[in-house]
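# Chain and residue survey
Chain by chain, the residues:
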Amino acid sequence: MALFAVGLYLSWTAGRLDRLHARIDAARAALDAQLLRRASVAQELATSGVLDPAASIVLYEAAHAARQAEEEHREVAESELSQALRAIFGEVQQVEVVREAPGGDEAATELAAAVRRVPMARRFHNDAVRAARALRRHRKVRWFRLAGHAPFPMAFEMDDEPPVALADRATT
Amino acid sequence: MRIGIVCPYSWDVPGGVQFHIRDLAEHLIGLGHQVSVLAPADDETPLPPYVVSAGRAVPVPYNGSVARLNFGFLSAARVRRWLHEGTFDVIHIHEPTSPSLGLLACWAAQGPIVATFHTSNPRSRAMIAAYPILQPALEKISARIAVSEYARRTLVEHLGGDAVVIPNGVDVDFFAKVEPKAEWQGSTIGFIGRIDEPRKGLPVLMKALPQILAERPDTRLLVAGRGDEHEAVSSLPVEMRERVEFLGMVSDEDKARLLRSVDVYVAPNTGGESFGIILVEAMSAGAPVLASDLDAFAQVLDQGAAGDLFGNEDADSLAAAALRLLGDPARRDELRERGSRHVRRFDWSTVGADILSVYETVTDGATAVAADERSGFRARFGLARD
């Protein structure tokens, strides 16, 4: 009877862990989608000719590197894209110039949405990671190998501070 | 002539391009021209009267490191204002391909534009993608100057078109007239450059040093430049380390005196050089020069006629060449004499006249420089005001 109760408890824990892993996978997919969206809009703006050529090249290189980055360099490349975006869209006038261009309003709105959603998606992902890590460190999970071969979940650490001029716009 | 010069790098940070622009501006002012230099600078930096600040450069990740660049709305506005107020006959842009002030000025101006290409960045993938962004700005350049034959070749390879070669200038007499320092004389080898930058080649020299000391134990190596001194000598046997003297960062005056004092000046750079101003300075000071056989160095040394060359990164070849020079005073005198004659073509009087004739060629029959109001997307959609 006791053995059965323990078994039931372990099985329930394994189910809990499985749900957490699934939540991480979904959150990671959402984060990837937001990062990719941000890099794509950035690249579009860089090649549009709306920005001055110096800003275009800096932005293009950062967006290009973020999209092409290998998994282990991803956090650095995405952080560098954040820095480049902050440097270029640090002034309200620059955002105004983009909005005045034909189709620029949509691009600016889309970029503003992307730079706001990346930190959100990252927070949800890291929150799920934290929960799963806490459970997986527990004795019962380690002793009975309830996590199976699933890799130990890693948080996604990056600089995702949005540019002031864009973030302000998005909230109004 | 009213001349506007655009400096891409912060005025407050010392560097080859900044020094070149400073000397060029002062040379041209000395000839009676009106010169204004637009350069990135912190607001607190004291600037010479001919420099106009374009605002602070912003540190951003670029090309694998953090670069301090000027771009964006405010910088572009400042470039426009400078162009408006200057009413220049010609503007001279340095490093127009780096995404900073040079490229901005190229984009924002119309009229006679001269551009100097100092370094040649290796072709990167992003550079190819950036080509259509760069091209409209670079098309406006009426005359291109490369600082060496090597820089010209890479420029042609990467961007197409052609350029005239005008070397960087040196104040030859400043180096030729300075007094040598007695304590730096007598079987000395000189090296100037960053100690911890492997491309400057100090490790190659350190590898060659034991062979040189084995044959001539009284030789001393004098090293001027920033970096970790302990790490630099770590490859040497302990008893040889005292033969190396570190002088740290030296002033322009001391640099000239050092070059004037040594028996041999060694430039073991392993790459990344497009010109080699230090070789010209060494020859101006009358130092016999021994340099690695980089394209740019061979060019400056007249293919070995004005200084000896050794195989790049080859410590044995360096040691053999250094021993040959140290043991042959007649050859050293010959190199001194040939160097001093050869170096005249790098003097500001020659270089400045060449640059001025480029200015005169492009301004002939052309209108003055003005801000280009048609730049940006408006031109693409035909909304420009003509």
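Residues numbered from 1 in each chain as written. Chains lettered and ligands numbered in written order. Predicted model: local features only at pLDDT ≥ 70, side-chain atom pairs only at ≥ 80, totals over all residues.

## Some thoughts on the sheet that holds strand β11 (residues 188-192) of chain B
Residues and elements named next belong to chain B. Taken in spatial order, the six strands line up as β13-β12-β11-β14-β15-β16 in an open sheet, and their pairing is parallel. The open sheet is flanked by β13 (244-248) and β16 (308-310), the only strands paired with a single partner. Taken over all neighbouring pairs, the strand axes of this sheet differ in orientation by 25 degrees on average, direction set aside. The pairing of β11 with strand β14 (residues 264-267) spans two bridges and is classified as parallel. (Pairing = 2+ DSSP bridges. Helix = DSSP H or I, 4+ residues; strand = E, 2+ residues; numbered from the N terminus. Axes fitted to C-alpha atoms, helices over the stretch in contact; angles between N-to-C directions.)

## Considering the environment of Gly-86 of chain B
All names here are of chain B. One can find Gly-86 in helix α2 (residues 72-86). By C-beta crowding, Gly-86 is classed as buried, having 20 other C-beta atoms within 10 Å. Sequence-wise, Gly-86 and Val-369 are 283 residues apart; in three dimensions their C-alpha atoms are separated by 8.8 Å. Apart from residues lying up to four places away in sequence, Gly-86 is in contact with Arg-2, Gly-4 and Ser-36. (Buried ≥ 20, exposed ≤ 12 C-beta atoms within 10 Å, placed from the backbone. Contact = placed C-beta atoms within 7 Å.)

## A look at unusual backbone geometry
Residue and element names in this part refer to chain B. You will see that Asp-302, though not glycine, has its phi angle at about 55 degrees, which is positive. Along the chain, Asp-302 turns up in the loop between α11 (295-300) and β16. Its 14 C-beta neighbours within 10 Å are what place Asp-302 among the partly exposed residues. At Glu-313, a position not held by glycine, the phi torsion is positive, near 65 degrees. The residue Glu-313 is located in the loop between β16 and α12 (315-326) in this model.

## Brief notes about the pairing of strand β4 (residues 58-62) of chain B
Residues and elements named next belong to chain B. Of all five residues in β4, four are buried, a share of seventy percent or more. Relative to strand β5 (residues 65-69), β4 runs antiparallel, the two being bridged by five bridges. When the bridges of β5 are listed, Pro-61 appears paired with Val-66. The hairpin formed by β4 and β5 contains two residues between the paired strands, and Asn-63 there has a positive phi angle of roughly 55 degrees.

## Observations concerning the nonpolar core
By size, the foremost hydrophobic cluster in this structure holds 167 residues, and its most contacted members are Val-58 and Leu-59 of chain A together with Leu-279 and Ala-322 of chain B. Broken down by element, this core gets its largest block of residues, 11 residues, from helix α1 (residues 2-47) of chain A. Looking at which domains feed residues into this core, each of domain 1 (2-169 + 348-380) and domain 2 (172-345) of chain B gives three or more. Dropping the residues within four chain positions of it, Leu-279 of chain B is found in contact with Ala-267, Val-289, Ala-291, Phe-297, Val-300, Leu-301 and Gly-307 of chain B. (Core = buried A, V, L, I, M, F, W, Y, C linked by C-beta atoms within 7 Å. Domains from an automatic or database assignment.)

## Considerations on the interface of chain A and chain B
Counting residues at the interface gives 25 residues for chain A, matched by 25 residues for chain B. For the side of chain A that touches chain B, the secondary-structure elements that each account for two or more residues are α2 (53-68), α3 (74-88) and α4 (92-100) of chain A. The element contributing the most residues to the side of chain A that touches chain B is α2 of chain A, with 10 residues. Considered class by class, the residues forming the side of chain A that touches chain B number 14 nonpolar, seven polar and four charged. (Nonpolar A, V, L, I, M, F, W, Y, C, P; charged D, E, K, R; others polar.)

## Quick word on the domain arrangement of chain B
Residues and elements named next belong to chain B. Once the domains are mapped, chain B shows domain 1 (2-169 + 348-380) and domain 2 (172-345). In this structure, domain 1 and domain 2 have C-alpha centres spaced 32 Å apart. Between domain 1 and domain 2, the residue contacts involve 12 residues of the former and eight residues of the latter. By residue number, the principal contributor to the side of domain 1 that touches domain 2 is helix α5 (residues 149-159), which donates three residues. Tallied by class, residues from the side of domain 1 that touches domain 2 come to four nonpolar, seven polar and one charged.

## Thoughts on the sheet that holds strand β8 (residues 113-117) of chain B
Residues and elements named next belong to chain B. The seven strands are arranged β3-β2-β1-β6-β8-β9-β10 in an open sheet whose pairing can be described as parallel. Every other strand in the sheet has two partners, leaving β3 (51-53) and β10 (164-165) as the edge strands with one partner each. Where α5 meets the sheet, its contacts fall on β8, β9 (143-146) and β10, and the angle it forms with β9 comes to roughly 130 degrees.

## What to know about the confidence of the model for chain A
Residues of chain A with pLDDT of at least 70 account for 97%, and the chain-wide mean is 87. By mean pLDDT, the top-scoring element of chain A is α3 of chain A (93), and the lowest-scoring one is helix α7 (residues 164-171) of chain A (66). (pLDDT = per-residue confidence, 0-100.)

## A look at the environment of Met-158 of chain A
By the element assignment, Met-158 of chain A lies in the loop between α6 (139-143) and α7. Between the C-alpha atoms of Met-158 of chain A and Glu-80 of chain A, which are 78 residues apart in sequence, the distance is 9.0 Å.

## Some details on the packing of helix α7 (residues 202-215) of chain B against α12 of chain B
Residues and elements named next belong to chain B. The geometry of α7 relative to α12 is characterised by a closest axis approach of 8 Å and an angle of 45 degrees between their N-to-C directions. Here α7 lies oblique to α12, going by the angle between them. Note on packing geometry: the crossing formed by α7 with α12 is right-handed. Facing α7, whose interface residues are Val-204, Leu-205, Lys-207, Ala-208, Gln-211, Ile-212 and Glu-215, α12 presents Ala-315, Leu-318, Ala-319, Ala-322 and Leu-323. Taken together, the residues that form the contact of α7 with α12 break down as nine nonpolar, one polar and two charged. (Parallel < 35°, antiparallel > 145°, perpendicular 65-115°, else oblique. Left-handed = near helix turned anticlockwise from the far one by under 90°.)

## Let's talk about the packing of α1 of chain A against α2 of chain A
Packed helices, taken two at a time, are described by the angle between their axes plus the distance between the axes. Residues and elements named next belong to chain A. Contact pair α1 / α2: the axes reach a minimum separation of 8 Å and the direction vectors enclose 150 degrees. With respect to their mutual orientation, α1 and α2 come out roughly antiparallel. In this structure, the crossing between α1 and α2 has a hand that is left-handed. On α2, the residues that touch Ala-39, Ala-42, Gln-43, Leu-45, Ala-46 and Thr-47 of α1 are Ser-56, Leu-59, Tyr-60, Ala-63, His-64, Ala-66 and Arg-67. Here the contact of α1 with α2 is built from residues that sort into eight nonpolar, four polar and one charged.

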